[in-house]
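# Reading the structure
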Amino acid sequence: QLQQSGPALVKPSQTLSLTCSISGDSVSNNRAAWIWIRQSPSRGLEWLGRTYYRYKWYNDSSESLNSRITVNPDTSKNQFSLHLNPVTPEDTAVYYCARKTWYGNTWYIDLWGQGIPVTVSS
Amino acid sequence: DTVMTQTPLSLSVTPGQPASISCKSSRSLVHTDGQTYLYWYLQKPGQPPQLLIYEVSSRFSGVSDRFSGSGSGTDFTLKISRVEAEDVGVYYCMQGIHPLTFGGGTRMEIK
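Throughout what follows, the structure given in this document is the object of discussion. Keep in mind that this is a model prediction, so the values were computed, not measured.

### A word on the overall build of chain A
Check the secondary structure of chain A and you find zero helices and 11 strands. Helices and strands in chain A line up, N terminus first, as β-β-β-β-β-β-β-β-β-β-β. Whereas a compact globule of 122 residues would reach a radius of gyration of roughly 14 Å, chain A reaches 14 Å, a difference of no more than 12%. Seen through its C-alpha atoms, chain A measures out along the principal axes to roughly 45 × 30 × 25 Å. The long-range share in chain A, meaning contacts at least 24 apart out of those at least 6 apart in sequence, stands at 53%. Accessible surface computed for chain A: about 5,700 Å², of which carbon and sulfur atoms make up 48%. If the 11 positive side-chain charges of chain A are averaged to one point and the 8 negative ones to another, these points end up 3 Å apart.

This is how it looks when you write it as structure tokens:
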């Protein structure tokens, strides 16, 4: 299960920070990747970034976000986070965390957080 | 990034009748490993997307056999053999060659 937390409202130019707490799995699972996806009427479903462990940690994110985003694991709390800075009104969306899992020689995104609607407005 | 185009944008189906959704990608989805990473999701109101089909035609655990996927290369189709009321929502295709991208969605309603 993935449980998301974070603010519903963020002011322009500030930082959006979201957390996804994992239960029933480990953020260090070397057959999983932990991802962030957002959904808005204007942009649809959009992949934002990921973190995953393959004997060391890897992180990458969408080039369209112009290095505004970081995705990090927190092994002590078994969770991962998203930080988006600075935000603009165009970042208004429902944000989802999700798990991408490998089973044998295939993979799929099979687990999602509940989603957090975030509005960027002054 | 790979662009995914779904048609139709919406459809209205009588219960018991079939339905079909098309998804076309801007490039071949055959990965260098030989797999084709095309997925179908259904998003019901107020919920995150739920996985229906993975790798073009494999049904996810618990998904009704009324759902089937087919296609290859750049052209893919999701078919529902007999639509039921619980199938309402928005259907999305997603391609899995990094970075992931989604189609714009097809909204299905029941007549």
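### Brief notes about unusual backbone geometry
With an omega of -5 degrees, the peptide bond between Thr7 of chain B and Pro8 of chain B qualifies as cis. Mapped onto the fold, Pro8 of chain B is located in the loop between β1 (4-7) and β2 (10-13). Following His98 of chain B, the chain continues into Pro99 of chain B via a peptide bond in cis, with omega recorded as 0 degrees. Looking at the secondary structure, you find Pro99 of chain B in the loop between β9 (89-95) and β10 (101-102). Even without a glycine there, the phi angle at Ser13 of chain A is positive, about 80 degrees. Within the secondary structure, Ser13 of chain A sits in the loop between β2 (9-10) and β3 (16-22). For Val56 of chain B, which is not glycine, the phi torsion reads 75 degrees and is therefore positive.

### Details of the pairing of strand β9 (residues 93-103) of chain A
Residues and elements named next belong to chain A. Of all 11 residues that make up β9, eight are buried, and the element is covered over most of its length. Relative to strand β10 (residues 106-112), β9 runs antiparallel, the two being bridged by six bridges. Bridge pairing links Arg99 to Leu111 in β10. Connecting β9 to the antiparallel partner β10 that follows it, the hairpin turn spans two residues, and Gly104 within it adopts a positive phi of roughly 65 degrees.

### Structural notes on the sheet that holds strand β7 (residues 67-72) of chain B
Think of a sheet as strands paired side by side through backbone hydrogen bonds, with each pair either parallel or antiparallel. All names here are of chain B. Taken together, the four strands give an open sheet; going across it, the order is β1-β3-β8-β7, and neighbouring strands pair in antiparallel fashion. The open sheet has two free edges, formed respectively by β1 and β7, since each of these has just one partner strand. The mean inter-strand angle of the sheet, taken between neighbouring strand axes irrespective of direction, is 20 degrees. In terms of strand pairing, β1 meets strand β3 (residues 19-25) through four bridges, oriented antiparallel. When the sheet's bridge partners are listed, Thr5 is paired in β3 with Lys24.

### Observations concerning the state of the cysteines
Residue and element names in this part refer to chain A. Inspection of the entire model under this criterion finds two disulfides over all chains. Linked covalently through their sulfurs, Cys20 and Cys97 form a disulfide whose S-S length is 2.0 Å. Measuring the twist about the S-S bond at about 60 degrees, one finds the Cys20-Cys97 disulfide to be right-handed. Here Cys20 is found in strand β3, whereas its partner Cys97 is found in strand β9, with 77 residues between them in sequence.

### A few points about the interface of chain A and chain B
If you look at the interface, chain A gives 17 residues, while chain B gives 19 residues. Carbon and sulfur atoms make up 63% of the area that chain A and chain B hide from each other, which totals about 1,600 Å². Area buried by chain A at its contact with chain B is led by Leu45, Trp47 and Trp107 of chain A, which between them contribute 37% of it. On the surface where chain A and chain B come into contact, there are nine residue pairs in polar contact (both at pLDDT 80 or more). Of all the elements in the fold, those that place two or more residues in the side of chain A that touches chain B are β4 (32-40), β5 (44-53) and β10 of chain A.

### A closer look at the side chain of Ser22 of chain B
All names here are of chain B. With respect to the helices, strands and loops of the structure, Ser22 is situated in strand β3. Overall, Ser22 belongs to the buried group, its relative accessible area being 18%. When sequence neighbours within four positions are dropped, the list of residues in contact with Ser22 reads Thr5, Gln6, Thr7, Trp40 and Phe76.

### Regarding the pairing of β3 of chain B
Residues and elements named next belong to chain B. Among the seven residues in β3, five count as buried, and that is most of the element. Across six bridges, the pairing between β3 and strand β8 (residues 75-80) is antiparallel. Across the sheet, Ala19 pairs through a bridge with Ile80, a residue of β8.

Rules used in this analysis
Every chain's residues receive numbers from 1 upward, in the order its sequence appears when written. In the order they appear in the text, chains get letters beginning with A and ligands get numbers beginning with 1. At least 70 in pLDDT is required for a residue's local features to be given in this predicted model, at least 80 for side-chain atom pairs to be given and counted, and no such filter applies to totals for whole chains, interfaces and linings, which use all residues. Hydrogens and waters are ignored; side-chain quantities use all the structure's heavy atoms. Helix and strand assignments come from DSSP, with helices taken as H or I runs of at least 4 residues and strands as E runs of at least 2, each series counted from the N terminus. To get the radius of gyration, use the C-alpha atoms; to get the globule rule, take the number of residues to the power 0.38 and multiply by 2.2 Å. For this analysis, residues touch if any pair of their heavy atoms sits within 4.5 Å. Surface exposure here means Shrake-Rupley accessible area, sampled with a 1.4 Å probe, where a residue is shielded only by the protein chains that are shown. The charged-residue count follows a simple rule in which Lys and Arg add positive charge and Asp and Glu add negative charge, with His and chain termini not counted at all. Where a charge sits is defined by one atom per residue type, namely NZ (Lys), CZ (Arg), CG (Asp) or CD (Glu). Accessible area is worked out with a 1.4 Å probe on protein chains only. A residue is then buried under 20% of its type maximum, exposed over 50%, and partly exposed in between. The pairing criterion for strands is at least two bridges between them, as found by DSSP. Here an angle of 0 to 180 degrees is reported between the N-to-C directions of two axes, which are lines fitted to C-alpha atoms, with helices fitted over the stretch in contact. Disulfide assignment relies on a single distance test, namely cysteine sulfur atoms paired within 2.5 Å. When two components associate, each loses some accessible surface as probed by a 1.4 Å sphere; the sum of these losses over both components is called the buried area. As used in this structure description, the phrase polar contact means that two N or O atoms lie within 3.5 Å; if the pair is within protein, one of them must be able to donate a hydrogen and the other to accept it, and residues adjacent in sequence are counted only when both atoms belong to side chains.

The values are spatial; any link to function lies outside them.
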